[in-house]
Amino acid sequence: MINQVVVRIAAERILSGGLNPKTGKVYVLDDITNEDYRTAVENYILTATESI
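Attention in this report is confined to the structure presented alongside it. Counting starts from 1 at the beginning of each chain's written sequence and moves along it residue by residue. Given that this is a predicted model, residues contribute local features only at a pLDDT of at least 70 and side-chain atom pairs are listed and counted only at 80 or more, while totals for whole chains, interfaces and linings are drawn from all residues. Side-chain figures throughout are based on the complete set of non-hydrogen atoms in the structure, without hydrogens or water.

## Quick word on helix α1 (residues 4-16)
Between its first and last C-alpha, α1 extends 18 Å over 13 residues, near the 18 Å set by a 1.5 Å rise per residue. Taken as a whole, α1 has its buried residues at Val7, Ala10, Ala11 and Ile14. Down the axis, α1 shows its buried residues gathered within 95° of arc, on one side only. For this analysis, residues touch if any pair of their heavy atoms sits within 4.5 Å. Numbered from the N terminus, helices here are DSSP runs of H or I no shorter than four residues, and strands are runs of E no shorter than two. Looking at the buried side of α1, the elements it contacts are α2 (35-48). Under the convention used throughout, the expected extent of a helix is 1.5 Å for every residue step, that is, one less than its residue count. A simple rule labels every residue: compare its accessible area, found with a 1.4 Å probe on the protein chains alone, to the largest value its type can have, and call it buried under 20%, exposed over 50%, or partly exposed in between. Summarising the geometry, the arc corresponds to the directions from the helix axis toward the C-beta atoms.

## Examining the environment of Tyr44
Checked against the element boundaries, Tyr44 lands in helix α2. Those residues in contact with Tyr44, other than ones at most four positions away along the chain, are Val7, Arg8, Ala11 and Glu12.

## What to know about the nonpolar core
Only buried residues count toward a nonpolar core, which is a set of Ala, Val, Leu, Ile, Met, Phe, Trp, Tyr and Cys residues joined through side-chain atoms within 4.5 Å. Ranked by size, the top nonpolar core spans nine residues in total: Val7, Ala10, Ala11, Ile14, Tyr27, Ile32, Ala40, Val41 and Ile45. Of all the elements, α1 adds the most residues to this core, at four residues. Leave out the neighbours within four places in its chain, and Tyr27 touches Ala10, Arg13, Ile14, Gly18, Leu19, Asn20 and Ile32.

Next up, the structure:
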């Protein structure tokens, strides 16, 4: 089961150029290794971005 709060936090960090707490580097989509979460974050980003 996917936690939508986690998806929102990850997507917002990616969109804002926030840091990945695990690596200390800028958070990018490739940092998400769980396919279900990655898909959910991709979908969240697509729906939250107006220009796409």
